[in-house]
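A closer look at the structure
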Amino acid sequence: MSIEDYQKAGKIAAEVRDDARKRYHVGEMLLSICERVENMIRERGAEPAFPCNVSLNEVAAHYTAEPNDQNVVKDNDVLKIDIGVHVNGHIADTAVTACYNPKYDSLVNATEFALQEAVKIVKADVNASDIGKIVENTAKKTNFKPIHNLSGHSLAQYTIHAGKSIPNIRTTRTFCFAPNQAYAIEPFFTTKDGSGIVYNGKMKSIYAIATRKITGDKNADALLDYLWNRFKTLPFALRWILQDYEEKESRMMLEFLMKKKLIHSYPILVEGSGKFVVQAEHTVIPTENGVIIVTR
Ligand code: MN
Ligand code: MN
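Throughout, a residue's number is its position along its own chain's written sequence, starting from 1. Working convention: letters from A go to chains and numbers from 1 go to ligands, in the order in which they are written. It should be noted that, the model being predicted, local features are given only for residues of pLDDT at least 70 and side-chain atom pairs only at 80 or more, the latter also being counted only at that level, while totals for whole chains, interfaces and linings use all residues. Hydrogen atoms and water are omitted, and side-chain values are computed over all heavy atoms in the structure.

Before going further, it helps to examine the overall build of the chain. Counting its secondary structure elements, the chain contains six helices and 16 strands. The globule rule used for comparison is 2.2 Å times the number of residues to the exponent 0.38, while the radius of gyration itself is calculated over C-alpha atoms. In terms of C-alpha radius of gyration, the chain reaches 19 Å, essentially the compact-globule figure of 19 Å for 296 residues. In terms of principal-axis extent, the alpha carbons of the chain reach across some 55 × 45 × 35 Å. Taking all 296 residues of the chain together, the buried fraction comes to 56%. Throughout, a contact is declared for two residues whenever any of their heavy atoms are within 4.5 Å. Nonlocal contacts in the chain, meaning residues at least 24 apart in sequence, comprise 75% of its contacts between residues at least 6 apart. Only DSSP runs of H or I with at least four residues qualify as helices, and only runs of E with at least two residues qualify as strands; both kinds are numbered from the N terminus onward. Three labels apply to residues, based on accessible area from a 1.4 Å probe with only protein chains included: buried if under 20% of the type maximum, exposed if over 50%, partly exposed otherwise in between.

Turning to the sheet that holds strand β6 (residues 144-146), a few remarks are in order. Consider a sheet: its strands pair through backbone hydrogen bonds, and that pairing is either parallel or antiparallel. Here, a strand pair is defined by DSSP locating no fewer than two bridges between the strands. One open sheet holds the three strands; their spatial order is β6-β10-β14, and the pairing between them is antiparallel. Each edge of the open sheet is held by one strand with a lone partner, namely β6 and β14 (277-279). Averaged over all pairs of adjacent strands, the angle between their axes in this sheet comes to 35 degrees, without regard to strand direction. Where β6 lies against strand β10 (residues 188-191), three bridges are found, and the strand directions are antiparallel. In the sheet register, Pro 146 faces β10, and the bridge partner there is Phe 189. Axis lines are fitted through C-alpha atoms, for helices just across the contact stretch, and the angle between N-to-C directions can take any value from 0 to 180 degrees. Across the sheet, helix α4 (residues 129-141) lies against β6 and β10, angled at about 160 degrees from β6, the strand it touches most.

Here we take up the environment of Ala 95. For Ala 95, the location among the structural elements is in strand β5 (residues 90-99). In sequence terms Ala 95 and Arg 21 are 74 residues apart; their C-alpha atoms lie 9.5 Å from each other.

The following block contains the structure:
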């Protein structure tokens, strides 16, 4: 693993996130937000680690713009912008919530505070359950609810979810942070009347290769090779391949490859009671004495 590549990815991710944080998005198309974020990453000499997520209101995560997406950010919307940058597969994962409904300002602040407090205690050998404790306690103190079934995660080269989960609620003791290993910490909060659980929605607009295998279908095999060469095991959006493939044809082939379990999708995640969800996220690397906040 290359700390240097993580730092490069992290610096770019932080710049792009902070640009998104200060922009006024009301009236802008989700598609244009995604494209700007992804282009800013490329202009800075890195690649998006996954399609920019622009999840609105009760959608907690995993929404990215479709090829001809007409959705526009409206007054009173709460928009999670989740950004991934990679340099040689070293991924920086960070998110910010843009809030255009003052009713939810305190919810956004509480989540940001929970992230700050959580990141402070990260260090090699600290138990990840301590993060869950801090996040849940912060939610309780501020009268909100953490999303129970969304968590942070370890990161590995070309792998967003590398096997370890960092809880956002109190749990029994789990793994300890390893030094020089990257982790994403990402509290999600909803309001007190929310269920605190997300479920898979019907829509899916993000995909990734699950396994590489020959199907015998010439076109599908060619697409799988193409996807492997461009994205390896990282997530991608349909709109990312339309310079080389026709939309209708690629949709059909993706469905075929999903049936064969060679591609998997990330359905959108929706709050169980339809309440608004907010998110904050940093990528960190624990050290023997403290922590490197890669996306500070
Ligand atoms: Mn993220
Ligand atoms: Mn993440």
